[in-house]
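Spelled out from the first residue to the last, the chains are:
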Amino acid sequence: MSTTDQPAPATSDAPPQRYTAQLAAELELAWQQRWADEGTFEAPNPSGPWGDAEAVAGREPLFVMDMFPYPSGAGLHVGHPLGYIATDVWARYQRMCGRNVLHTLGYDAFGLPAEQYAVQTGQHPRVTTEANITTMRRQLRRLGLGHDARRSVSTIDPEYYRWTQWIFRELFESWYDPEHVRADGGRGAARPVAELRAAYASGARRPEDGSTWAELDDVARRRLVDAHRLAYVSDTPVNWCPGLGTVLANEEVTADGRSERGNFPVVKRPLKQWMLRITAYADRLVDDLERLDWPEAVKSMQRHWIGRSTGAQVRFALVGSTVGPAAGEQDLEVFTTRPDTLFGVTFMVVAPEHASLDAVPAAWPEGTPEPWTGGAATPAEAVAAYRVQAAARTDAERTDEGRTKTGVFTGLHATNPVTGTAVPVFTADYVLIGYGTGAIMAVPGQDERDFAFAERFELPVIRTVQPPEGFEGGAFTGEGPAVNSSNDDVDLDGLDVVAAKERIAAHLERTGAGRPVTTYRLRDWLFSRQRYWGEPFPVVYDEHGLPLAVPADQLPVLLPEVPDYSPRTFEPDDVTSDPEPPLARAQEWVHVTLDLGDGPKQYRRETNTMPNWAGSCWYELRYLDPQNTELLVDPDVERYWMGPRADRAAGGPGAADTGGVDLYVGGVEHAVLHLLYARFWHKALFDLGHVSSEEPFRRLFNQGYVQADAFTDGRGFHVPAAEVVETTSASGAREFSFEGEPVTREYGKMGKSLKNVVTPDEMYEAYGADTFRLYEMSMGPLDQSRPWETRAVVGSQRFLQRLWRNVVDEMTGQLVITEEPATAAVRALVHRTTDGVSADLAALRFNTAIAKLIELNNELTKLPAAPREAVEPLVLMLAPLAPHVAEELWRRLGHAGSLAHHPFPQADPALLVQETVTCVVQVQGKVRDRLEVPADITEDALRELALASPALQRALDGRGVRTVVVRAPKLVNVVPA
RNA sequence: GCCCCGAUAGGCGAAUUGGCAUAGCCGAUGGAUUCAAAAUCCGUUGUUUGUGGGUUCGAGUCCCACUCGGGGUACCA
């Protein structure tokens, strides 16, 4: 807003040594240069190229990380650095506490924007991306972040993506052995495929299709093994997005069936694509969440995404099927989480795509009600018509909830294994082919969806859980005793839901009609993209069309030059289009002669590229050892920074530590995508023995967003927020106008389209980096979103100016502090502040830490001269938050070196206890008097003292005293009779 | 619909285990400084903690119901 946010003038008539934006800029740039020259923030490793055993000795390692930024060409706004400043403050604080802190920042630089820009301009995406990285590095350096610049990596660097490809290769060369006993005692781990091959060859394992290894030829054996790899080619329906010209992972498709990026329609199409077997890790990904110090919201999103549900698979015998050895011998398997309601099944439903529909009876059974037939003459016709209808609907339409249930009878019946009753089988699109078995047992008495369907087709309802008195709804999904649930062999009546589930499960297993089953919502990760600007797969195909990994010593597979960076894109709704990746155009690259062990042969390269998530799945590991040319990361180095440590376990009592990054700060938007993928890769690397930590990120913290007011004019167009004038009306309401015309205030994210962007560069120029850092950190708790208010930034600047004046004369630059000792009161305040600030910084409560520092400074301001004894701790405590001005004051106070590694002040416990405290005297919880009492006063003495208070007696107004609650020395509460 | 988070002065926020309701910043306002203004400095100003109930000697804090705002998610059987 223009009226009140004029920054301090850079200028002429200000005293020469005033802490203005200009002076701040000078000393900030100087200190940034010095930190860089001296390598102040370079963290030593225990071994390897940056090994320094001496520097490492006696210092606890601490690994702090920000989420990998994409170097956008649009530039930063003031919201972007919020998390970077927070991690920097914390890292600087921990460094002063004596820890060996690793903090750096790299760039997740593959991605769509640079590619799209390349398509428009013909400029190679590497050129634009590298230019963007340079710009962003400059902008961030100006913030004064204490990063170890040597460790900054970029995913587009061939020396980096060499290892991304190497990990993919490891996944390709592995399978998941669910029986393998891990070191931690758990079952299931990634193992080399050689073990699988050996197990087949020895007969210890039989091919799943019933054949034998011996009778298979070479190609068949390879196909068999390939089908088990953690990275495998699949030909199943995938999310094809014609508008983007690429396929997408489930996680990249929104609930209404559109691409998260670009909002284009997405359709399911069967296509040959690379998949990663993340589902093998579903259980560990869910279970290990409990061992992580993560926000509950993120954990619950991951749990939900994985969607583990336990239940039973139950077999019903089909009656009327025209296939199978004989009618009635075909089975229909369903998955249910409520096997306890089995006695309440009154019909069955299969998804329209279900295989049982290929063999429906030739004619409607006797007495089929007209509405069930959909008006068709035969079941085959009804089913066929319904299938066409269902196929024509998009997923979004099918799952639109308000829609009335549709479906048709199939002519089939199925026999309930516990009641022996045959119930009709319907097909309806509310049952999804992709979940469970694609078929359900319908229990309208206990399931809302089944009830809605039953109402529509007038199907009977049997209650098997007794609803409470007065229950009037349809389906009852709550807890209650089982009813109507017994036969000669099993009796559930009277049992609660849990007990009933157990008993029926045991019964089903005994009779062979069912077995316990766990299903997951999580699907395998679709890993191919038809893009240019991504990592090429380290894969070639031989004459059989089967994939082979490029040997590790031949990595990286470099991204070839192509004439055109664009994949072929299509009309967004052209569902018949096929993907055409740009790499396919580099024909000389695609056809390659390699020696993979049996002499030079012709191969064809994979022309898809990896998705954007690949590079960010493991970057934390490369920060540790970025120059290692032999290994992804040296095991010693990984164990030092990320290995499990009993004293850092995040889970409940007794939970083993997972290891991982000590603090990972970023936005909640990566809750499922990046954070799930990275955990999966890390666990696979753990299984294969490449890392000692089980999880990549031990502690996760989601910072809030910086939001900003935006304004629209009478026509609804956004006007530049910086030029809006605020006034207060006669009634006290806030009013806003632009060029004299009233405008309406909105609230939202900062962005070009809302015309409310404020950049860090503007802030450096107007206030300096330290003021900007301080303001960002003082706006509120880090995990909360907060509104940006440029005019309030001046508050932080005034604080630094007051501090500066307490130390330095604005005219002469001379020190103005006194060497005299501080008074007892000031000394006590310094120690109380130290105590509070340490706790606040450690707990990421930067806003309250700053408030305490301001308070101390305000006290010092009132003195004729601030004592060195108070000023020095204040400067040191400020250092993590406003490092440049702190360094400068520290220098002027007569210290030669940087304070970055200087010990953080420690509070003397003896000075924290106060001699006297104010005791509150209450009547019935209301404060009636205050007494100054010795801190060590006894309960009895305090009671007596309080009862003698005239103010208390006045408040009691002659009433007697019933009880006196004494909490010495701070409170006495009198309860009148 | 379900799940999670939030609601404290004009705005942003603070308040260990239930124990003095507000630390700090902005704004507003009076003054100093100034030829005047900006900047700077000094002072003043604030509510009954979204609503209703409950537990308690005592509730911003715990419990129940509701309202509003934000986020996640959905025929997942």
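J.: Requested: an account of the overall build of chain A, with residues and values cited.
T.: Scanning chain A from N- to C-terminus turns up 28 helices and 34 strands. With respect to the three principal axes, the spread of C-alpha positions in chain A is 105 × 90 × 65 Å. With 977 residues in all, chain A has 54% of them scored as buried. Partitioning the contacts of chain A with sequence separation of at least 6, the portion at a separation of at least 24 is 70%.

J.: Account for the packing of helix 3 (residues 82-96) against helix 20 (residues 769-778), with residues named and values stated.
T.: Packing of helix 3 against helix 20 leaves a shortest axis separation of 10 Å and a crossing angle of 95°. Taken together, the axis directions place helix 3 and helix 20 in an arrangement best described as roughly perpendicular. For the pair formed by helix 3 and helix 20, the contact residues are Leu82, Ile85, Ala86, Asp88, Val89 and Arg92 on the first element and Phe772, Arg773, Glu776 and Met777 on the second. Its residues assigned to classes, the contact of helix 3 with helix 20 shows 6 nonpolar, no polar and 4 charged.

J.: Explain the pairing of strand 31 (residues 916-923) to me, and be specific about the residues and the numbers.
T.: In terms of strand pairing, strand 31 meets strand 32 (residues 926-934) through 8 bridges, oriented antiparallel. Residue pairing in the sheet places Val917 in a bridge with Val933 of strand 32. A loop of 2 residues connects strand 31 with strand 32, the two strands running antiparallel in sequence, and Gln924 in this loop sits at a positive phi of about 55°. One ladder, built from 4 bridges, connects strand 31 with strand 34 (residues 971-976); its direction is parallel.

J.: Pulling in residues and values, what's your account of the nonpolar core?
T.: Judged by nonpolar contacts, the single largest core of 183 residues is most densely connected at Phe168, Trp525, Phe527, Trp681, Trp788 and Phe846. Apart from residues no more than four positions distant in its own chain, Phe168 is found in contact with Ala231, Trp274, Leu276, Phe527, Phe537, Pro538, Val539 and Met610. By size, the runner-up hydrophobic cluster in this structure holds 30 residues, among which are Leu357, Val360, Ala439 and Ile504.

J.: Please give an account of helix 19 (residues 760-767) that cites residues and values.
T.: Of the residues making up helix 19, those classed as buried are Pro760, Met763, Tyr764, Ala766 and Tyr767. The inward-facing, buried residues of helix 19 abut helix 1 (21-38), helix 5 (125-141), helix 20 and helix 21 (794-807). Phi turns positive, to about 95°, at Gly768, one or two residues after helix 19.

J.: Hey, could you go over the environment of Asp340 for me, with residue numbers and the actual values?
T.: Inspection of the secondary structure puts Asp340 in the loop between strand 11 (330-336) and strand 12 (347-350). With a relative accessible area of 2%, Asp340 lands in the buried category. Each C-alpha atom, one on Asp340 and one on Leu495, is 9.6 Å from the other, the two residues being 155 residues apart in sequence. Excluding its chain neighbours within four sequence positions, the residues that come into contact with Asp340 are Val465, Ser485, Leu492, Val497, Ala500, Lys501 and Ile504.

J.: Please set out the sheet that holds strand 8 (residues 267-270) residue by residue, giving values where relevant.
T.: Strand pairing in a sheet relies on backbone hydrogen bonds, with the paired strands running either antiparallel or parallel. As summarised here, the arrangement of the 3 strands in space is 7-6-8, forming an open sheet in which the pairing is antiparallel. Of all the strands in the sheet, just strand 7 (246-248) and strand 8 have a single pairing partner and so form its edges. Strand-to-strand twist in this sheet, taken as the mean axis angle between neighbours without regard to direction, amounts to 55°. Judged from the 4 bridges that link them, strand 6 (residues 237-241) and strand 8 form a sheet pairing that is antiparallel. Along strand 8, the bridge assignment pairs Asn239 with Lys268.

J.: Give a detailed account of the packing of aromatic side chains, specifying residues and quantitative values.
T.: Applying the stated criterion across every chain, the model contains 42 aromatic pairs. Note on Phe527 and Phe537: the rings are 5.9 Å apart at their centroids and 90° apart in plane angle, and the pair reads as edge-to-face. A residue pair is termed long-range when its members are at least 10 positions apart, and Phe527 in the loop between strand 17 (525-526) and strand 18 (539-541) and Phe537 in the loop between strand 17 and strand 18 qualify at 10 residues. For the pair Phe527 and Phe537, a shared accessibility class is recorded, and that class is buried. Ring pairs connect the aromatic residues Phe168, Phe172, Tyr176, Trp274, Tyr281, Trp525, Phe527, Phe537, Trp613, Tyr677, Phe680 and Trp681, which therefore count as one cluster. Between the NZ or CZ atom of Arg229 and the centre of the ring of Phe172, over which it lies, the distance is 4.0 Å.

J.: Give me the lowdown on the protein's contact with RNA strand B, citing residues and values where you can.
T.: Around RNA strand B sit 54 residues in total, of which Thr337, Tyr435, Arg449, Arg798 and Asn973 are the nearest. The sugar-phosphate share of atoms of RNA strand B within 4 Å of the protein amounts to 66%. A distance of 2.9 Å separates a base nitrogen of RNA strand B from a polar atom in the backbone of Leu432. Glu855 is positioned such that a nitrogen or oxygen atom in its side chain is 2.6 Å from a sugar or linking oxygen of RNA strand B. Broken down by secondary-structure element, the contributors of at least two residues to the surface near RNA strand B are helix 10 (296-306), strand 11, helix 21, helix 23 (846-862), strand 31, strand 32, strand 33 (961-967) and strand 34. Examining the composition of the surface near RNA strand B, we find that 7 residues originate from one element, helix 23, more than from any other. Here the surface near RNA strand B is composed, by residue class, of 21 nonpolar, 17 polar and 16 charged.

J.: Break down the side chain of Arg698 for me, with residues and values.
T.: Along the polypeptide, Arg698 turns up in the loop between helix 18 (673-687) and strand 23 (700-702). Within the structure, Arg698 has its side chain in polar contact with the side chain of Asp657 (distance 2.7 Å).

J.: Summarise the environment of Asp625; cite the residues concerned and give the values.
T.: Along the chain, Asp625 falls in the loop between helix 16 (619-624) and helix 17 (635-642). A relative accessible area of 4% places Asp625 in the buried class. Placed 12 residues apart in sequence, Asp625 and Val637 show a C-alpha to C-alpha distance of 7.2 Å. When neighbours within four sequence positions are excluded, Asp625 is seen to be in contact with Asn45, Pro49, Arg151, Leu632, Val633, Asp634 and Val637.

Rules and cut-offs
Residues numbered from 1 in each chain as written. Chains lettered and ligands numbered in written order. Predicted model: local features only at pLDDT ≥ 70, side-chain atom pairs only at ≥ 80, totals over all residues. Heavy atoms only, no water. Helix = DSSP H or I, 4+ residues; strand = E, 2+ residues; numbered from the N terminus. Buried < 20%, exposed > 50% of the residue type's maximum accessible area, 1.4 Å probe, protein only. Contact = heavy atoms within 4.5 Å. Axes fitted to C-alpha atoms, helices over the stretch in contact; angles between N-to-C directions. Parallel < 35°, antiparallel > 145°, perpendicular 65-115°, else oblique. Nonpolar A, V, L, I, M, F, W, Y, C, P; charged D, E, K, R; others polar. Pairing = 2+ DSSP bridges. Core = buried A, V, L, I, M, F, W, Y, C linked by side-chain atoms within 4.5 Å. Phe/Tyr/Trp six-rings, centres within 6.5 Å; stacked < 30°, edge-to-face > 60°. Lys NZ or Arg CZ within 6 Å of the ring centre and 35° of its normal. Near = heavy atom within 4 Å. Polar contact = N/O pair within 3.5 Å; in protein donor to acceptor, adjacent residues only side chain to side chain.

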